Amino acid sequence: MRWTDWPAGLLHTLRQGCAIPAHPLALNAERQLDARRQRALSRYYLAAGAGGLAVGVHTTQFAIREVGLHAPVLRIAAEAAREVAQMPLLIAGAIGRTEQAVREAQLARSEGYHAVLLGLAAFKGASEDEIVAHCRSVAAEMPVFGFYLQTAVGGVPLSAAFWRRFAEIENVIAIKIAPFDRYRTLDVLRGVLEAGAQDRIALYTGNDDHIVADLLTPFRLAHQGRMHELRIVGGLLGHWSVWTRAAVQLRARCRAVTGDIPADLLALDAAVTEMNAAVFDVAHDFHGVIAGCHEVLRRQGLLEGTWCLDPAEGLSPGQAEALTAVAERYPDLTDDAFVAAHREAWLA
């Protein structure tokens, strides 16, 4: 599949920018798939205005591949996507070495997905030549959404030269920039610019510590004697798997700014980052990151509990209290009333 094969409108959605939540996994107390709630989550995100769904990614739990849930969770989200009038972008995570990633890209294509979010953590210690060859192999199967993961959670440090070579791959259509590092964020932008791919590749933030700043910043970079402006147009974020309606509205506010940036909007960068610190359990090196997302959704009645496939994963000490505190401090950045009004319909 090539991005030129996409249904009408999808490329416009991607390039104008949208909110793409990283989809959690709904389990019951026996740690088995709760298909009804899994489908309800997809319906929630689409009703909230998300332009796409990212499934089979870290927030979905990589272990779905080991317990026979990979294809089922991809299928449930695709079925929910077909319920709405305008098809959203369907992004499937693809991980592992080349044989596995190609197989996962083929599965995603068979389930009606449009692109794969290509994780590179399995290539720690590999050369950039090896990684580029891997990316080309996957891109031969499906359009690729690149992913620069922070090194603190297993990401591979990559140079601006790598990102230039990656951006030269014709079937690369977007990059999730998530190194949690301003220098490395600029490396991605520099690589895309030097490849001449800024019109083809849509830039999405995954920097949960600077979501608002990424969306507001005009990145002006010099190249070959000219200044070029690159913009991050949306986000593909685990943080946006919760309070999604507010996230959609926030992204729209940021992208609507022309001229001077209002101080009150710029100030939201700190508030959103503080909320993310509670959800992602930064105080405990991200141990409770998935359980934190689950806890917000549990409180809203969308999930029955915070169970993860790994029984050792759960909320950290004090994390529940931190979630309560940030929700009380920044109620405008939550969407509890929206969920309460529609939850039973999504669960039907």
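Computed from a predicted model, the values in this text were never measured in an experiment. (Residues numbered from 1 in each chain as written. Predicted model: local features only at pLDDT ≥ 70, side-chain atom pairs only at ≥ 80, totals over all residues. Heavy atoms only, no water.)

1. So, the sheet that holds strand β10 (residues 232–237)
Note the following rule: The pairing criterion is simple: DSSP has to find at least two bridges between the two strands. The secondary structure listing takes helices from DSSP runs of H or I that are at least 4 residues long and strands from runs of E that are at least 2 residues long, numbered from the N terminus. To obtain an axis, a line is fitted to C-alpha atoms, over the contacting stretch when the element is a helix, and the angle between two such axes runs from 0 to 180 degrees between their N-to-C directions. Residue contacts are counted whenever heavy atoms from the two residues lie within 4.5 Å of one another.
Strand order in this open sheet of 8 strands is β1-β10-β7-β6-β5-β4-β3-β2, and the pairing throughout is parallel. Across the chains shown, the open sheet's two edge strands, defined by having one partner strand only, are β1 (19–21) and β2 (52–55). In this sheet, neighbouring strand axes are inclined to one another by 25° on average, regardless of whether the strands run parallel or antiparallel. The pairing of strand β5 (residues 144–149) with strand β6 (residues 172–178) spans 6 bridges and is parallel. Each bridged residue has a counterpart across the sheet, and for Leu149 the counterpart in β6 is Ala178. Contacts between helix α5 (residues 128–139) and the sheet are confined to β4 (115–118) and β5, with β4 contributing the most and set at about 160° to the helix. Where helix α7 (residues 182–194) meets the sheet, its contacts fall on β5, β6 and β7 (202–205), and the angle it forms with β6 comes to roughly 165°.

2. Quick look at the nonpolar core
Put simply, the rule reads: Residues enter a nonpolar core if they are buried and are Ala, Val, Leu, Ile, Met, Phe, Trp, Tyr or Cys, with the set joined through side-chain atoms within 4.5 Å. Residue burial is assigned from relative accessible area. The probe radius is 1.4 Å, only protein chains are included, and a residue is buried under 20% of its type maximum, exposed over 50%, and partly exposed in between.
Core analysis: the largest hydrophobic core is formed by 99 residues, its most contacted members being Tyr44, Tyr113, Ile131, Phe162, Phe166 and Val192. When residues in this core are grouped by element, the largest group, 8 residues, is from helix α10 (residues 263–280). In contact with Phe166, other than residues within four places in its own chain, are Cys135, Val144, Gly146, Val172 and Ile175. Membership of the second largest hydrophobic core comes to 22 residues, among which are Leu117, Ile173, Ala178 and Leu236.

3. Structural notes on helix α4 (residues 98–110)
Using the following cut-off: Expected span, for any helix, means 1.5 Å times one less than how many residues it has. What the arc measures is the spread of directions leading from the helix axis to the C-beta atoms.
With 13 residues, α4 extends 18 Å between its outermost C-alpha atoms, agreeing within 8% with the 18 Å of an ideal straight helix rising 1.5 Å per residue. Along α4, the positions that sit buried rather than exposed are Ala101, Val102, Glu104, Ala105 and Ala108. Along α4, the residues classed as buried sweep out an arc of 160° about the axis, all on the same side. Across α4 from its buried face, at more than 90 degrees, point the exposed residues Glu99 and Ser110. Looking at the buried side of α4, the elements it contacts are α3 (70–81), β3 (89–94), β4 and α5. Once α4 ends, the next one or two residues include Gly112, with phi positive near 90°.

4. Notes on the packing of α10 against helix α12 (residues 319–329)
Threshold: Orientation categories follow fixed angle ranges, with anything under 35 degrees roughly parallel, anything over 145 roughly antiparallel, 65 to 115 roughly perpendicular, and all other angles oblique. Whether a crossing is left-handed or right-handed is set by the direction in which the near helix is turned from the far one by less than a right angle, anticlockwise for left-handed and clockwise for right-handed. Polar here means any residue other than Ala, Val, Leu, Ile, Met, Phe, Trp, Tyr, Cys and Pro, which are nonpolar, and Asp, Glu, Lys and Arg, which are charged; Gly is therefore polar.
Their axes nearest at 8 Å, the elements α10 and α12 cross at an angle of 155°. Classified by the interaxial angle, the pair formed by α10 and α12 is roughly antiparallel. Judged by the sense of rotation from one axis to the other, the crossing of α10 with α12 is left-handed. On α12, the residues touching Glu274, Met275, Ala278 and Val279 of α10 are Gln319, Ala322, Leu323, Val326 and Arg329. Per-class residue counts for the contact of α10 with α12 are 6 nonpolar, 1 polar and 2 charged.

5. Observations concerning unusual backbone geometry
At Phe180, a residue that is not glycine, the phi angle is positive and equals roughly 55°. Along the chain, Phe180 falls in the loop between β6 and α7. Despite not being glycine, Phe286 has its phi angle at roughly 70°, a positive value. Residue Phe286 is classed as buried on the basis of its relative accessible area, which comes to 18%.

6. Regarding the pattern of salt bridges
Formally: Salt bridge, as used here: a side-chain nitrogen of Lys or Arg that lies within 4 Å of a carboxyl oxygen of Asp or Glu.
In total, this model carries 17 salt bridges according to the counting rule given. The salt bridge involving Arg164 is made with Glu168; its shortest N-O contact spans 3.1 Å. Since its relative accessible area comes to 38%, Glu168 is described here as partly exposed. Between Glu344 and Arg343 there is a salt bridge; the shortest N-O distance is 3.3 Å. A relative accessible area of 22% means that Arg343 is categorised as partly exposed. It is possible to trace a salt-bridge network through shared partners that takes in Arg220, Glu229 and Arg231.

7. Focus on the packing of α3 against α4
Close contact between α3 and α4 brings their axes to 10 Å; oriented N to C, the two are set at 35°. In the packing of α3 onto α4, the handedness of the crossing is right-handed. Between α3 and α4, the contacting residues are His70, Ala71 and Leu74 on the first element and Glu104, Leu107 and Ala108 on the second. Residues belonging to the contact of α3 with α4 are distributed by class as follows: 4 nonpolar, 1 polar and 1 charged.

8. Looking at the pairing of β7
Selection criterion: When the strands point away from the viewer and the connection leading from the first strand across the helix to the second strand turns clockwise, the crossover is called right-handed.
Neither face of β7 is exposed, since Ala202 and Tyr204 on one face and Leu203 and Thr205 on the opposite face are all buried. With 4 bridges joining them, β6 and β7 adopt parallel strand pairing. Pairing of Ala174 across the sheet is with Ala202, part of β7. In this view, the connection linking β6 to its parallel neighbour β7 by way of α7 has right-handed handedness. Across 3 bridges, β7 lies against β10 in parallel orientation. The residue of β10 that forms the bridge with Thr205 is Gly235.

9. Topic: α10
When the terminal C-alpha atoms of α10 are compared, their 26 Å separation across 18 residues agrees well with the 26 Å that a helix rising 1.5 Å per residue should span. Taken as a whole, α10 has its buried residues at Leu265, Leu268, Asp269, Ala271, Val272, Met275, Asn276, Ala278, Val279 and Phe280. The inward-facing, buried residues of α10 abut α8 (211–216), α9 (244–256), α11 (289–299) and α12.

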